[in-house]
Structure formats: C-alpha cells, structure tokens
Amino acid sequence: MKSMKLSKGFLFLYVLSALLIAGCTPGKKGGSLIGKRATGLPFEVIVVSDPQQWKGALGEAVRNELEAPYPALPQWENVADITYCTPHQFDGLMRYVRNILIIDVNDQRYTKITLASERDVWADGQLVLRLQAPNASELETYLAQHKGELSRLLRQTEQERYADYLRQYHNAVVQDTLHQLFGLDICIPEGFDASRRDSLFLWISNNANSGRMDMAFYSFPAEGPEALTVERLVAMRDSVMKQHIAGSFDGSYMATERQFDVQGERVEPSDTPALMIRGLWRMEGDMMGGPFVQKAIYDKANRRVIVAEGFVYSPESLKKNYIHRLASSLCTARLLSGTTAPHEGEK
C-alpha cells in the first residue's frame, strides 16, 4: 500500500470461456479422479431449472439466496455469479462447470424437500447441489426458513478449494517464520514478499499497486477460550493495529470501523477453540479503508490467543475475490504441538 508505511449464445460463450480457463482451475496434483477438471471461476454457478419455475417466485427465491451480499464488504458484491439453463440445455460441456445447482420439482417423485450435496459428479473438483421438492411453494418456504444455507455452502466450498491449492503452493519462508514466532502453521499465498517484524508482531504484504492484500499476526494472554468474543478481539485489534500500522500522515493509524457490525463465526468442527470475525477497517486520520477477516485461535498450552488477520486495500476495484483468498488462507491455520510461547521482546 503506497500510502501505508511499510440465452444459447450466452451459454455458448460461457462454455467456451470455461474451456479456456479449465487448465487454470486449482486442483490436486497427480491424476484426476474422473479425467475432467471442473471449469469456471470461483463463485460461478449454473442453475438448472424448469423455465416457468425460474421465471416465477421460486426462481426469484433462488436468485435472492445466491445473489445475497458477500459478508462484510464495503459495497454490495453477490456471493454467486449465476448462469441459468434448462434441463434440456444441461448436457455435454455444461456438466463440467465447477458449481451446479439442479432444481427438481416433481410431486410424483418426491414427498419431502431435500438439499443434497455431491462432489465430483461429472468433473474433478466439482460441487453439485440438488434441491428436490414435491411442489414449488413448499420449496419457496424451505428457502425462506433456511436463509443463507445455499450461499454458505458455496462460500465454504470455494474456501476449501483455495485452501487445498494453498497447501500445495504457498510461501514457505513466511510459513517457517510463523512456526518459529507463534507455533502457528498456516499456508500464505505466494507473492507476500514484503514484511516487517516488531517484537511479537508480524506484518506481511503483497505490496501490489492494485488489489493490495496484507496479513498481520500477533498474540495476547488469555486464561481460557472465553476470550474468543467479538468484543474482546475487536478491542485487541484496535490496540495492536494502532501501535503497529500507521497511515501516510503523522498520527494516522488503523482502526476498526464501528459504523458497521463486526460479524463473528465459530470455527467448527475443531478440537481447538477458534473464532472467525469479519468487518471493515479504516485509517484514522487518513482516507483509507477496506474489509478485513480474522481468525483467532486459543492456545491452551501457552494460555494465549493467536490472531491471524488479512485485510484488503483496493479502492479502485471489487474486493470479494481478494478477501476470499485471505479467508481461505486463514482456514489452513492450526497450532503446532509442543510449542512454547517466546517471551516478549524475543526475535
């Protein structure tokens, strides 16, 4: 951060573009499970549905669910980018898209509503969701009662995909530094080459002119996992960031934006207590700001909380994909066993 210190025609074009980027989709090393790699970009979804249902109230309910706002961004960005096709069109290359939602309403086949999730049905690395119901009105009610479920499934799947990619391709130098400094194992994206270490605080950045991403790591004493609350983590964040991250003007510093709620989410399942929080940051005394995502882990052996955070500064562009990469990186974070916390001031 310079200002910181430190239709058929559409379907045809869609399939053509998906084929062109297929080789760029993150996946496992070695052979494919099926022989075809899932195509498409993160958060792209093909919805397969009867045309009348898609044009009616049921289609509107599905669109409202998938096009809900991605959490804790300064402007509205849809969770999903939707492409629609009829069951007749859903064939051949369309089946290789990475995220597929199939809506099947049939009172002869179904007696209750189900949401089924399947992996690698037609392509390796693919998610296929099936919404099945005896009638459209019951399915509309189900979506209203389970608001956010589809979008959460999609976000979770995309995070798992990128986390798997990071486990293969990451910054090994920073990973080793975090092993030594905090006993924390985490896969950091490649390209985070700029860094600054101050006592028990580490700040790394990709230093990009456009789409800048930064990460910060620190710890604080805690007697138990009850310290993992949104209020406590925000208070510690403001204290630590004020001390370590300054803006371009004298006296400016990073703070949490309090005009919007910080969202908290327990990390489950996990043997180690952890909390993810999301919100917005601003530079006090400066004009900068953006989204942040943080994962806090309770380290019982050392009676402390270890914090890993990513934040984005990209005023000229959308921010969903940047914060998504950082959140995926945080999903890989885990404590190393047998690590003793260093004393304050050790380097």
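Residues numbered from 1 in each chain as written. Predicted model: local features only at pLDDT ≥ 70, side-chain atom pairs only at ≥ 80, totals over all residues. Heavy atoms only, no water.

Pairing is mixed in the open sheet, where 5 strands are placed in the order 2-1-3-5-4. Because the sheet does not close on itself, it has two edges, and the strands there are strand 2 (81-85) and strand 4 (114-119). Neighbouring strand axes in the sheet, compared pairwise and without regard to direction, differ in orientation by 20° on average. As defined by bridge partners, strand 3 (residues 99-105) adjoins strand 5 (residues 127-133) across 7 bridges and the pair is classed as parallel. Each bridged residue has a counterpart across the sheet, and for Ile-102 the counterpart in strand 5 is Arg-130. Sitting on the sheet, helix 4 (residues 136-145) touches strand 3, strand 4 and strand 5, and the angle it makes with strand 5 is about 125°. (Pairing = 2+ DSSP bridges. Helix = DSSP H or I, 4+ residues; strand = E, 2+ residues; numbered from the N terminus. Axes fitted to C-alpha atoms, helices over the stretch in contact; angles between N-to-C directions. Contact = heavy atoms within 4.5 Å.)

The next subject is helix 5 (residues 149-168). Across its 20 residues, helix 5 extends 29 Å between first and last C-alpha, which sits within 8% of the 28 Å expected from 1.5 Å per residue. What helix 5 keeps buried is the set Leu-150, Ser-151, Leu-154, Arg-155, Thr-157, Glu-158, Gln-159, Arg-161, Tyr-162, Ala-163 and Leu-166. (Expected span 1.5 Å × (residues − 1). Buried < 20%, exposed > 50% of the residue type's maximum accessible area, 1.4 Å probe, protein only.)

This part covers the packing of helix 5 against helix 8 (residues 320-331). Between helix 5 and helix 8, whose axes approach to 8 Å, the crossing angle comes to 70°. Between helix 5 and helix 8, the interaxial angle falls into the category roughly perpendicular. Taken as a pair, helix 5 and helix 8 cross one another with a handedness that is right-handed. Across the interface between the two elements, Glu-158, Gln-159, Tyr-162, Ala-163, Leu-166 and Arg-167 of helix 5 pack against His-324, Arg-325, Ala-327, Ser-328, Ser-329 and Cys-331 of helix 8. (Parallel < 35°, antiparallel > 145°, perpendicular 65-115°, else oblique. Left-handed = near helix turned anticlockwise from the far one by under 90°.)

Close contact between helix 3 (residues 57-66) and helix 4 brings their axes to 9 Å; oriented N to C, the two are set at 20°. Viewed along their axes, helix 3 and helix 4 adopt a mutual orientation that is roughly parallel. Between helix 3 and helix 4 lies a crossing of left-handed hand. Between helix 3, through Ala-57, Leu-58, Ala-61 and Val-62, and helix 4, the contact on the second element is made entirely by Ala-136, Leu-139, Glu-140 and Leu-143. Of the residues contributing to the contact of helix 3 with helix 4, the split by class is 7 nonpolar, no polar and 1 charged. (Nonpolar A, V, L, I, M, F, W, Y, C, P; charged D, E, K, R; others polar.)

Here we take up the pattern of salt bridges. With the rule as written, the count across this model stands at 16 salt bridges. When the shortest N-O distance is used, the salt bridge between Asp-164 and Arg-167 registers 2.8 Å. Of this pair, Asp-164 and Arg-167 both sit in helix 5, separated by 3 residues, roughly a single helical turn. One salt bridge in this structure joins Glu-257 and Arg-282, with 3.6 Å as the shortest N-O distance. Of the two residues, Glu-257 sits in the loop between strand 10 (253-256) and strand 11 (263-266) while Arg-282 sits in strand 12 (residues 274-284), which places them 25 residues apart along the sequence. With a relative accessible area of 13%, Glu-257 lands in the buried category. A cluster of three or more residues bridged by salt bridges with shared partners is formed by Arg-98, Glu-158 and Arg-161. (Salt bridge = Lys/Arg side-chain N within 4 Å of Asp/Glu carboxyl O.)

Right, let's get into the nonpolar core. A general tendency of soluble globular proteins is for nonpolar side chains to be buried together. Counting 50 residues, the largest nonpolar core has Leu-101, Leu-184, Ile-186, Ile-188, Met-215 and Phe-217 as its most contacted members. Here the element with the most residues in this core is helix 8; it accounts for 5 residues. In this view, Met-215 contacts Ile-186, Ile-188, Pro-189, Phe-192, Leu-202, Trp-203, Ile-204, Glu-309, Gly-310, Leu-326, Ser-329 and Leu-330; residues no more than four positions away in its chain are not counted. (Core = buried A, V, L, I, M, F, W, Y, C linked by side-chain atoms within 4.5 Å.)

Summed over the entire model, instances satisfying the criterion amount to 8 aromatic pairs. Aromatic pair Trp-54 and Tyr-84: ring centres 5.0 Å apart, planes at 5°, arrangement stacked. Note that Trp-54 is positioned in helix 2 (residues 51-55) and Tyr-84 in strand 2, a separation of 30 residues in sequence. Residue classification places Trp-54 among the buried residues on the basis of a relative accessible area of 11%. Look at Phe-90 and Trp-122: their rings are 5.4 Å apart centre to centre, the planes differ by 80°, and that puts the pair in the edge-to-face class. Of this pair, Phe-90 sits in the loop between strand 2 and strand 3 while Trp-122 sits in the loop between strand 4 and strand 5; the two residues are 32 residues apart in sequence, bridging distant segments of the chain. Owing to a relative accessible area of 22%, Trp-122 belongs among the partly exposed residues under this scheme. By way of ring pairs, the aromatic residues Tyr-162, Tyr-165 and Tyr-169 are connected into one cluster. The lysine or arginine in question, Arg-237, covers the ring of Phe-292, its NZ or CZ lying 4.1 Å from the ring centre. When the ring centre of Tyr-253 is taken as origin, the NZ or CZ atom of Lys-242, which lies over that ring, is 4.9 Å away. (Phe/Tyr/Trp six-rings, centres within 6.5 Å; stacked < 30°, edge-to-face > 60°. Lys NZ or Arg CZ within 6 Å of the ring centre and 35° of its normal.)

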